[in-house]
2 protein chains.
Amino acid sequence: MPQTHPATPAESLIAAQGGRITRTRVAVLEVLLAAEQSLTHDEIGAALDDKGIKHDRVTLYRTLDWLVESGVAHKMAGDDRARRFGVAASGPHEHAHFHCDRCGKVVCLEGLQPAVAVNLPGGYQLDRAELVLHGACPTCGKGA
Amino acid sequence: MPQTHPATPAESLIAAQGGRITRTRVAVLEVLLAAEQSLTHDEIGAALDDKGIKHDRVTLYRTLDWLVESGVAHKMAGDDRARRFGVAASGPHEHAHFHCDRCGKVVCLEGLQPAVAVNLPGGYQLDRAELVLHGACPTCGKGA
DNA sequence: GGCGAAAATGCTACTATGTTGCACAATCAT
DNA sequence: ATGATTGTGCAACATAGTAGCATTTTCGCC
Ligand SMILES: [Mn+2]
Ligand SMILES: [Mn+2]
Ligand SMILES: [Zn+2]
Ligand SMILES: [Zn+2]
């Protein structure tokens, strides 16, 4: 019993990539779209639980992989051992990130990507630049 | 039976950080100093095996952690799930890196760190910037 | 609306990477 | 040389991610 007509933003995004609109994908994407920061697999899983969306750990991994491969979401490595995921509201993943070294939060800094006018040594072929700023977020920086 | 007098570069580096000069530390540091690229825990372990240096997996983790905490080495997260370690010949870790998306190699680009003249949004407090360039290394870029 | 091929999901098991606790061994200032 | 301090080795544990495969869901098509 799927309601047919008005496609939500999440649904549109998925369809635009030629993917099937499924419970998990829609829910995950909604979580990411609503998130202020990049989220780990676990955090997303917890958010799905909160929404009452039953899901499997592995499916969630695969869903996130699909979102990244489709260019809808992006994945960040992170100093701790967890990858973080997020959606850039505006198009592809062409922006810097801020990583709070105290609380570990990662936020997208949309609209700023530095002119990386670096001269690469030899036959290196540049595809893209990834810039991560480290420091303290507003919340954590209070005491400093 | 440790030979006493002429301290090797590795030994000096270790001593300069107030650490004890041990078989594992010296060997690991020599491996890192000789390496062209950043190396994973496993690669370093294999290099130790080649050198005939008996070692324990956990000790290697702890040795690498110590080197990083001491500021002698640096750690990179990496898209695959392995951290890579390297020493910056010249002082602390203030340089960009190049990550080959085809073979996964990571090399330090010493002497280039971009002026990150980004204007941070709110109360963000910047400590350092981390720049990773992605693309193809000279070896992998041949066919393109 | 029902059919069926293609795609996604849910299991179970497995791998890879990193950690913890603790007994024992090596280092180095004295 | 001695002994407090630091580092090592081992075994067990923890966490993050992957693989294979049977079952279910989606969606274009009639
Ligand atoms: Mn982002
Ligand atoms: Mn480096
Ligand atoms: Zn913070
Ligand atoms: Zn390469």
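Residues numbered from 1 in each chain as written. Chains lettered and ligands numbered in written order. Predicted model: local features only at pLDDT ≥ 70, side-chain atom pairs only at ≥ 80, totals over all residues. Heavy atoms only, no water.

Chain A is annotated in an unreviewed UniProt entry as Ferric uptake regulation protein from Denitromonas iodatirespirans. Annotation of chain A in UniProt includes, under Subunit (unreviewed entry), the sentence "Homodimer." Listed in UniProt under the heading Sequence similarities (unreviewed entry), the comment for chain A reads: "Belongs to the Fur family." (UniProt positions renumbered as here; feature names shortened; annotations may be inferred.)

It is worth spelling out the relation of the copies chain B and chain A at this point. Note on the copies: chain B fits chain A at an RMSD of 0.1 Å, the axial shift is 0.1 Å, and the rotation between them is 180 degrees. Expressed as an axis order, the relation between the two copies is that of a two-fold axis. If distances are taken from each C-alpha of chain B to the rotation axis, the shortest is found for B:Leu131, at 2.3 Å. Mapped onto chain A, 100% of the interface residues of chain B again fall at the interface, so both copies present the same surface. (Least-squares fit on C-alpha atoms with pLDDT ≥ 70 in both. Contact = heavy atoms within 4.5 Å.)

Around DNA strand D, 20 residues are found, and the nearest of them are A:Ile21, B:Arg20, B:Arg23, B:Arg25 and B:Arg62. Put simply, 60% of the atoms of DNA strand D that lie within 4 Å of the protein are in sugar or phosphate. Within the side chain of A:Arg20, a nitrogen or oxygen atom sits 2.8 Å from a base oxygen of DNA strand D. One of the side-chain nitrogen or oxygen atoms of A:Tyr61 is found 3.3 Å away from a phosphate oxygen of DNA strand D. Among the secondary structure elements, those contributing two or more residues to the surface near DNA strand D are α4 (57-69) of chain A together with α2 (23-34) and α4 (57-69) of chain B. (Near = heavy atom within 4 Å. Polar contact = N/O pair within 3.5 Å; in protein donor to acceptor, adjacent residues only side chain to side chain. Helix = DSSP H or I, 4+ residues; strand = E, 2+ residues; numbered from the N terminus.)

Moving on, we get to the packing of α2(B) against helix α3 (residues 41-51) of chain B. Residues and elements named next belong to chain B. Taken N-terminus to C-terminus, the directions of α2 and α3 make an angle of 110 degrees; their axes are 10 Å apart at the nearest point. One element, α2, and the other, α3, form an angle in the roughly perpendicular class. Seen from α2, the contacting residues are Ala27, Val28, Glu30, Val31 and Leu32; seen from α3, they are Ile44, Ala47, Leu48 and Lys51. Its residues assigned to classes, the contact of α2 with α3 comprises seven nonpolar, no polar and two charged. (Axes fitted to C-alpha atoms, helices over the stretch in contact; angles between N-to-C directions. Parallel < 35°, antiparallel > 145°, perpendicular 65-115°, else oblique. Nonpolar A, V, L, I, M, F, W, Y, C, P; charged D, E, K, R; others polar.)

All names here are of chain B. Donor atoms from the polypeptide that bind the zinc ion (ligand 4) are Cys100 (SG), Cys103 (SG), Cys137 (SG) and Cys140 (SG), placed at 2.2 to 2.3 Å. For the zinc ion (ligand 4), the four donor atoms are set out with angles of 104 to 122 degrees between them, so the coordination reads as tetrahedral. The class of Cys103 is partly exposed, set by a relative accessible area of 37%. (Donors = N, O, S within 2.8 Å, 3.2 Å for Na, K, Ca; no water. Tetrahedral: all angles 85-135°; square planar, octahedral: opposite > 155°, others 65-115°. Buried < 20%, exposed > 50% of the residue type's maximum accessible area, 1.4 Å probe, protein only.)

A few words on the protein's contact with DNA strand C. In the vicinity of DNA strand C, 21 residues are found, and the nearest of them are A:Arg23, A:Arg25, A:Arg62, B:Arg20 and B:Arg57. Near the protein, within 4 Å, the atoms of DNA strand C are sugar or phosphate in 62% of cases. At a separation of 3.0 Å, a base nitrogen of DNA strand C approaches a polar side-chain atom of A:Arg20. Contact distances for DNA strand C include 3.5 Å between a phosphate oxygen and a side-chain N or O atom of A:Thr59. Elements supplying a minimum of two residues to the surface near DNA strand C: α2 (23-34) and α4 of chain A together with α4 of chain B. Its residues assigned to classes, the surface near DNA strand C shows four nonpolar, five polar and 12 charged.

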